[in-house]
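As a plain string of letters, each chain reads:
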Amino acid sequence: FMKRRLFSTAMLSVTTWLSSQTAWAQQAFRSGKDYITLDRPVATEAGSGKIEVLEFFWYSCPHCNAFEPAFEQWAKNAPKDLVVRRVPVAFRDDFVPQQRLYYTLEAMNLVEKMHIRVFTAIHGEKQMLNTDAAVLAWAEKQGIDKAKFEQTYKSFGVATKAKRAVQLQNDFKIEGVPSLGVAGRYYIDGTLAGSMPRALQVADALIAQARQGR
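These numbers come from a predicted model, not from an experiment.

Asker: Help me out: how do you make sense of the environment of tyrosine 35 in this one?
Answerer: Here tyrosine 35 lies in the loop between helix 1 (14-25) and strand 2 (36-37). Here the alpha-carbon distance between tyrosine 35 and leucine 192, two residues 157 residues apart in the chain, equals 5.9 Å. Ignoring any residue separated from it by four or fewer positions in sequence, one finds tyrosine 35 in contact with Phe29, Arg30, Tyr186, Tyr187, Ile188, Leu192, Val202, Leu206 and Gln209.

Asker: Please explain the pattern of salt bridges as it appears in this structure.
Answerer: Side-chain pairing between opposite charges can occur once the charged atoms of the two side chains come close. Scanning the model with the defined rule gives 13 salt bridges in all. Arginine 85 serves as the salt-bridge partner of glutamate 45, at 3.9 Å between the closest nitrogen and oxygen. Placement of the pair is glutamate 45 in the loop between strand 2 and strand 3 (51-57) and arginine 85 in strand 4 (residues 82-88), with a sequence separation of 40 residues. For arginine 85, a relative accessible area of 22% translates into the label partly exposed. In this structure, lysine 161 engages glutamate 106 in a salt bridge whose closest nitrogen and oxygen atoms are separated by 2.9 Å. A residue pair is termed long-range when its members are at least 10 positions apart, and lysine 161 in helix 7 (residues 156-171) and glutamate 106 in helix 3 (residues 96-107) qualify at 55 residues. Accessibility expressed as a relative area gives 40% for lysine 161, which makes it partly exposed. Among the ionic contacts, a cluster of salt bridges with common partners joins Glu45, Glu52, Arg85 and Arg164.

Asker: Can you walk me through helix 2 (residues 62-76) in this structure?
Answerer: Every α-helix carries 3.6 residues per turn, so stepping three or four residues along brings you back to the same face. Taking 1.5 Å as the rise per residue, helix 2 with 15 residues should run 21 Å; its terminal C-alpha atoms sit 22 Å apart, in good agreement. Considering bend angle alone, the principal kink of helix 2 is centred on glutamate 68 and spans about 45°; proline proline 69 follows within four residues of it.

Asker: Please clarify how the sheet that holds strand 3 should be interpreted in this entry.
Answerer: Within a beta sheet, neighbouring strands are joined by backbone hydrogen bonds and run either parallel or antiparallel to one another. If you walk across this open sheet you meet the 5 strands as 2-7-6-3-4, and the pairing is mixed. On the outer flanks of this sheet lie strand 2 and strand 4, each paired with one strand and no other. One ladder, built from 4 bridges, connects strand 3 with strand 6 (residues 179-182); its direction is antiparallel. Across the sheet, phenylalanine 56 pairs through a bridge with serine 179, a residue of strand 6. Packing against the sheet, helix 3 makes contact with strand 3 and strand 4, and its axis sits at approximately 145° to strand 4.

Asker: Just checking my understanding: could you explain the packing of helix 3 against helix 4 (residues 111-124) for this structure?
Answerer: Each pair of packed helices can be summarised by the angle the axes make with each other and by the distance between the axes. Helix 4 packs onto helix 3 with a crossing angle of 155° between their chain directions and a minimal axis gap of 9 Å. If you check the angle between helix 3 and helix 4, you find them roughly antiparallel. The two elements helix 3 and helix 4 meet at a crossing, and its hand is right-handed. Taken together, the residues of helix 4 that come into contact with helix 3 (itself represented by Gln98, Leu101, Tyr102, Leu105 and Glu106) are Val111, Met114, His115, Val118 and Ile122.

Asker: Got a minute to help me understand the pairing of strand 4 in this structure?
Answerer: On a regular strand, each side chain points to the face opposite its neighbour's, so the side chains alternate between the two faces of the sheet. As paired strands, strand 3 and strand 4 are joined by 7 bridges and run parallel to one another. When the bridges of strand 4 are listed, valine 53 appears paired with valine 84. In this view, the connection linking strand 3 to its parallel neighbour strand 4 by way of helix 2 has right-handed handedness.

Asker: Explanation requested: the packing of helix 3 against helix 6 (residues 146-153) in the structure shown.
Answerer: Between helix 3 and helix 6, whose axes approach to 9 Å, the crossing angle comes to 120°. Comparing their axes, helix 6 and helix 3 come out oblique. Handedness of the helix 3/helix 6 crossing: right-handed. Contacts between helix 3 and helix 6 involve Pro97, Arg100, Leu101, Thr104, Leu105 and Ala107 from the first element and Phe149, Thr152 and Tyr153 from the second. Grouping the amino acids of the contact of helix 3 with helix 6 by side-chain chemistry returns 6 nonpolar, 2 polar and 1 charged.

Rules of the game
The residue numbers shown here count from 1 along each chain, following its written sequence. For a predicted model such as this one, the threshold for reporting local features is a pLDDT of at least 70, and the threshold for listing and counting side-chain atom pairs is 80 or more; totals across whole chains, interfaces and linings nevertheless cover every residue. As a rule here, side-chain values come from all non-hydrogen atoms in the structure, and water together with hydrogens is ignored. Strands are runs of DSSP state E lasting at least two residues, helices are runs of H or I lasting at least four, and both sets are numbered from the N terminus onward. We call two residues in contact when some of their heavy atoms are within 4.5 Å. We define a salt bridge as a side-chain nitrogen of Lys or Arg found within 4 Å of a carboxyl oxygen belonging to Asp or Glu. Each residue is assigned to one of three classes by its accessible area relative to the maximum for its type, calculated with a 1.4 Å probe on protein chains only: buried under 20%, partly exposed between the two thresholds, exposed over 50%. Expected helix span is computed as 1.5 Å times (number of residues minus one). A residue's bend is simply the angle between two axes: one fitted to the seven residues ending at it, one to the seven starting at it. In this analysis, strands are considered paired if DSSP registers two or more bridges between them. Axis lines are fitted through C-alpha atoms, for helices just across the contact stretch, and the angle between N-to-C directions can take any value from 0 to 180 degrees. Under this scheme an angle from 65 to 115 degrees is roughly perpendicular, one under 35 degrees roughly parallel, and one over 145 degrees roughly antiparallel; angles in between are oblique. Handedness of a helix crossing follows the sense of rotation of the near helix relative to the far helix, less than a right angle counterclockwise being left-handed and clockwise being right-handed. The handedness rule is simple: strands pointing away from the viewer, and a clockwise path from the first strand over the helix to the second, make the crossover right-handed. Under the scheme applied here, ten amino acids are nonpolar (Ala, Val, Leu, Ile, Met, Phe, Trp, Tyr, Cys and Pro), four are charged (Asp, Glu, Lys and Arg), and all others, including Gly, are polar.

Here's what the structure looks like:
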């Protein structure tokens, strides 16, 4: 879990997460302990009868990189009434190029193909990708149409989505990443839940709760 004001916490090993997951699963989840219930619910874009789940992330965060395979699998298996969206955070100005990168990939229908490649470029190939120039050069190397990518990257639509992401991050009072927002009412992160795999279990429980309209 990357603390908002502390970007260099030690990495939790996935095996520790998984071995402790089973023991934790038996316990009931409590507001204020395993997750936070927001004082003011946040408007969702899910539509009626749907439940929105947001994953707040930052490409350069090692914990987000480690969590991505589990989250992707969870999102793929999500029931039909869930609307799962990723929200790239910007705690500082130098996060903005990666925010725009994500929303550009989304606008060009390239998230499925390229999302994991961004993580690999940063964590595997040690590319920073924290400037517009670096992002544009990376996209071109991936064989993405340079002119179209640059036009989308600098578009009003992408800028608007990035602004909205910051608004959501503030509305959910994001403490760090990766973290989850459920049904516009609940906030979960690895510190509260104890681990990110357990955070997904908490999310499942809160989704069931939202489904019953409680």
